[in-house]
Amino acid sequence: MHVYRTHDCGALSHADIGKEVKLSGWVHRKRDHGGVVFIDLRDHYGLTQCVVDSTDKAFSAAEQLRNESVITITGAVRARSEETVNKALSTGEIEVQIAELELQSAADTLPLQVNSDEDSGEEVRLRYRYLDLRRQRPHANILLRAKIIQSIRQRMVGLGFTEFQTPILTASSPEGARDFLVPARLHPGKFYALPQAPQQFKQLIMVSGFDKYFQIAPCFRDEDSRADRSPGEFYQLDLEMSFVEQADVFAAVEPVVKGVFEEFADKEVDPDFVHIPFDEAMLKYGSDKPDLRIPLEICDVTDIFRGSDFSIFAKNIEKGAVVRAVPGPKCGSRAIADRMNSWAQGEGAPGMGYIIYGEGEARGPVAKALGADKSDEVKQRLGVGDGDAVFFACAPASEAANLAGKARVRIGTEQGLIDENLFKFCWIVDFPMYELDEKTGKIEFSHNPFSMPQGGMDALNNQDPLTIKAWQYDLVCNGVELSSGAIRNHLPEVMYRAFEIAGYDANVVDEQFAGMISAFKFGAPPHGGIAPGIDRMVMLIADEPNIREVILFPMNGKAEDLMMNAPSEVDEAALRELHIRKQLPKS
RNA sequence: GGGGGUGUAGCUCAGUUGGUUAGAGCGCUGGCCUGUCACGCCAGAGGCCGCGGGUUCGAGUCCCGUCACUCCCGCCA
């Protein structure tokens, strides 16, 4: 007989009745009846009830066991009597009568309860992550993640993509997020950076002639955390394709993402991946990651308020503001309107105007100033009726869109308009190539500087930069940005010109992106790609509100690993070797 | 860097307008119980009420500061 087990804890059934077996696992729960003790023995595979009677020699050892101790038991598989069968367990028809019991590893009093569905505080869970991961839901989440990644690999290979590894120690890039830096021992004063994404490498793989690349790629960005953003590191399904247009990338990615969601999620997946231009998304949904489950569309009503007697708005409009209106079905009460208003103030807006429609008339201070005809015009445009309300955001375009977008989500959530059982995807397309930095007034890249501008060199030379669109796209699901991608700019001349508009001259490009720009001078295929976030996909599929729930060993919000004590001090000798001296902030 | 929330037993939480000895469930220790499966019953241990200061006859409760965790803003090509 094997030293530890003949079967796992989920394996035994009525077919094994009468067999001598050996099981190893954790004491999940113990029920001590004085004359008989039941032990639920748990491992990765399942749970088996083990029994010991007071007459058995293992009895006293069993009585003393604490939860989560690791034991090995030997005994015979017995049928449970009909009334003691447990239908909730796959092994519920049988139990093992313990003949021998060996304690492999005793457990101290636990800092968190493994056999409970109730989560402990995050700090305790992260410090004792190995205990937390024994629990049913965290264990299942990590397993789900593994299966999803496995499925993605299979699907990608099936589509003719090849998996490559790219360097983890690379060069710092001036664009984008803050880098994690690694001192270079052999080069005093110089640093490697961890890749924020394998962006340049994957493009260079295309220039190297490999045609279709993918990788489950670790990405490192030294930015602050959020519920859906883990600090430090995360994973992307990074992919790139040669000789493609935007539609080809969509055609490759859609079935993979859709397929994975359909395979693993309990919710319905809307098969229609709608395409929405960025400008339209900002207008109708006030966001570049709209939650399309909310059946509300924002309308621009600037024209109705222009020159009207509602002077606050009318004056702002003269100064260039716009008015965006959000329909509020069944929101036609003073209490709801007041709540929206104070919510908007909490968001940093001066407030949120509203009109309440009821009993054939429009009510509220806005309606009073605007007059019946114009109030009715708003009603018609928004398609609302009696008992509904309309809320207004008046501000410069991007601010108004933003507030209206948040209001739309709030109304959708509060009024229960969101179908919680649905995944609704969309592609946001035609992102602007450049945007204006509001503080400096300078033109800068709005997304990825390596994206191909729509219209190419001609657009760069002859169009107002702020009107130029890029072949740049996002994949969004239920209001979560899953992915960002682009058709790349593979033409050195167009690249130099694109950077010139953003204020970088040619030698900056030559220095900062030396490898890539030089590669593009030796025959580069037109190419493009995308990089869906793995953690976010798993989070959506697992229906978890927090990304840490789908990461094995996550860091806390301050980017500390409480289990491993990272980051940590290092020896002075190690610093000397790296030519590094600490200069700590004064406290 | 800024704003909100939370912090009470090993864990999850309750704690009234400020009032005597700070409670519950789980866990832990001891006892009883031979068919439970969140077993049941009895008893017990376990508290710097995050920390520091203040108001008060009296503070878990009110005020100020501070720390930790968390959510959000900034940040995230």
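Residues numbered from 1 in each chain as written. Chains lettered and ligands numbered in written order. Predicted model: local features only at pLDDT ≥ 70, side-chain atom pairs only at ≥ 80, totals over all residues. Heavy atoms only, no water.

Caption draft 1: Structural detail: the overall build of chain A. In terms of regular secondary structure, chain A is built from 19 helices and 24 strands. Considering only C-alpha atoms, chain A reaches an extent of 95 × 75 × 55 Å along its principal axes. In chain A, which comprises 587 residues, the proportion classed as buried is 48%. Separation of charge centres in chain A, based on 64 positive and 89 negative side chains, amounts to 3 Å. (Helix = DSSP H or I, 4+ residues; strand = E, 2+ residues; numbered from the N terminus. Buried < 20%, exposed > 50% of the residue type's maximum accessible area, 1.4 Å probe, protein only. Lys, Arg positive; Asp, Glu negative; His and termini not counted. Charge placed at Lys NZ, Arg CZ, Asp CG, Glu CD.)

Caption draft 2: Expanded view of the packing of aromatic side chains. Applying the stated criterion to the full structure yields 20 aromatic pairs. Geometrically, the ring pair formed by Phe278 and Phe431 is tilted, given 5.0 Å between the ring centres and 40° between the ring planes. Linking Phe278 in helix α7 (residues 278-284) with Phe431 in the loop between β19 (425-429) and β20 (434-436), this pair joins segments that are 153 residues apart in sequence. Per residue, the accessibility class of Phe278 equals that of Phe431, and both read buried. Here Trp427 and Tyr473 contribute two aromatic rings whose centre-to-centre distance is 6.2 Å and whose plane-to-plane angle is 85°, an arrangement assigned as edge-to-face. With Trp427 in strand β19 and Tyr473 in strand β22 (residues 472-477), the pair connects residues that are 46 residues apart, well separated along the chain. The two residues Trp427 and Tyr473 agree in class, both being buried. Ring pairing ties together the aromatic residues Tyr434, Phe445, Phe450, Phe499, Tyr504 and Phe513, which thus form one cluster. (Phe/Tyr/Trp six-rings, centres within 6.5 Å; stacked < 30°, edge-to-face > 60°.)

Caption draft 3: Structural detail: the nonpolar core. By size, the foremost hydrophobic cluster in this structure holds 67 residues, and its most contacted members are Ile152, Leu237, Leu239, Phe261, Phe425, Trp427 and Tyr434. Looking at which element gives the most residues to this core, the answer is helix α6 (residues 246-264), with nine residues. Aside from chain neighbours lying at most four places away, what touches Phe261 is Val269, Phe423, Phe425, Cys477, Leu482, Met537, Leu540 and Ile541. Ranked by size, the runner-up nonpolar core spans 25 residues in total, among them Ile294, Ala337, Phe391 and Ala395. (Core = buried A, V, L, I, M, F, W, Y, C linked by side-chain atoms within 4.5 Å. Contact = heavy atoms within 4.5 Å.)

Caption draft 4: Main features of the protein's contact with RNA strand B. Taken together, 47 residues are adjacent to RNA strand B, and Asp32, Thr84, Gln113, Glu118 and His447 come closest. A breakdown of the atoms of RNA strand B within 4 Å of the protein gives sugar and phosphate a share of 56%. In the model, a sugar or linking oxygen of RNA strand B is placed 3.3 Å from a nitrogen or oxygen of the His33 side chain. One of the side-chain nitrogen or oxygen atoms of Arg66 is found 3.2 Å away from a phosphate oxygen of RNA strand B. Sorting the residues of the surface near RNA strand B by element identifies β1 (20-32), β2 (36-43), β3 (46-53) and α2 (122-127) as the ones contributing at least two each. The biggest single contributor to the surface near RNA strand B is β1, with three residues. Residue classes in the surface near RNA strand B are distributed as eight nonpolar, 18 polar and 21 charged. (Near = heavy atom within 4 Å. Polar contact = N/O pair within 3.5 Å; in protein donor to acceptor, adjacent residues only side chain to side chain. Nonpolar A, V, L, I, M, F, W, Y, C, P; charged D, E, K, R; others polar.)

Caption draft 5: Main features of the pairing of strand β17 (residues 389-395). Summarising burial for β17: seven of the seven residues are buried, a large majority. Every second residue of β17 is oriented toward a common face, with Ala389, Phe391, Ala393 and Ala395 on one face and Val390, Phe392 and Cys394 on the other, all of them buried. Pairing analysis gives seven bridges linking strand β14 (residues 322-328) to β17, with the strands arranged antiparallel. Directly across from Pro327, in β17, lies its bridge partner Val390. (Pairing = 2+ DSSP bridges.)

Caption draft 6: Spotlight on a negative patch on the surface. On the surface, Glu399, Glu435, Glu438 and Glu444 cluster together to form a negatively charged patch. Glu444 sits in the partly exposed class, given a relative accessible area of 32%. (Patch = residues over 30% accessible without salt bridge, like charges linked within 9 Å, V, L, I, M, F, W, Y side chains within 5 Å. Areas by Shrake-Rupley, 256 points an atom, 1.4 Å probe, with all protein chains shown as cover. Salt bridge = Lys/Arg side-chain N within 4 Å of Asp/Glu carboxyl O.)

Caption draft 7: Representation of the side chain of Ser225 within the structure. Residue position: Ser225 is located in the loop between β9 (212-221) and β10 (232-242). Under the relative-accessibility criterion, Ser225 is labelled buried at 16%. At a separation of 3.4 Å, a polar atom in the side chain of Ser225 contacts the main-chain carbonyl oxygen of Gly557. Non-local contacts of Ser225, meaning those with residues more than four positions away in its chain, are made with Pro231 and Gly557.

Caption draft 8: Inspection of helix α12 (residues 372-382) at higher detail. Burial in α12 covers these residues: Ser375, Val378, Lys379 and Leu382. All buried residues of α12 lie within an arc of 100° about the axis, which places them on one face of the element. Set apart from the buried face of α12 by more than 90 degrees, the exposed residues are Asp373 and Gln380. Following α12 by one or two positions, Gly383 has its phi on the positive side, about 70°. (Arc of directions from axis to C-beta.)

Keep in mind these values describe shape, not function.
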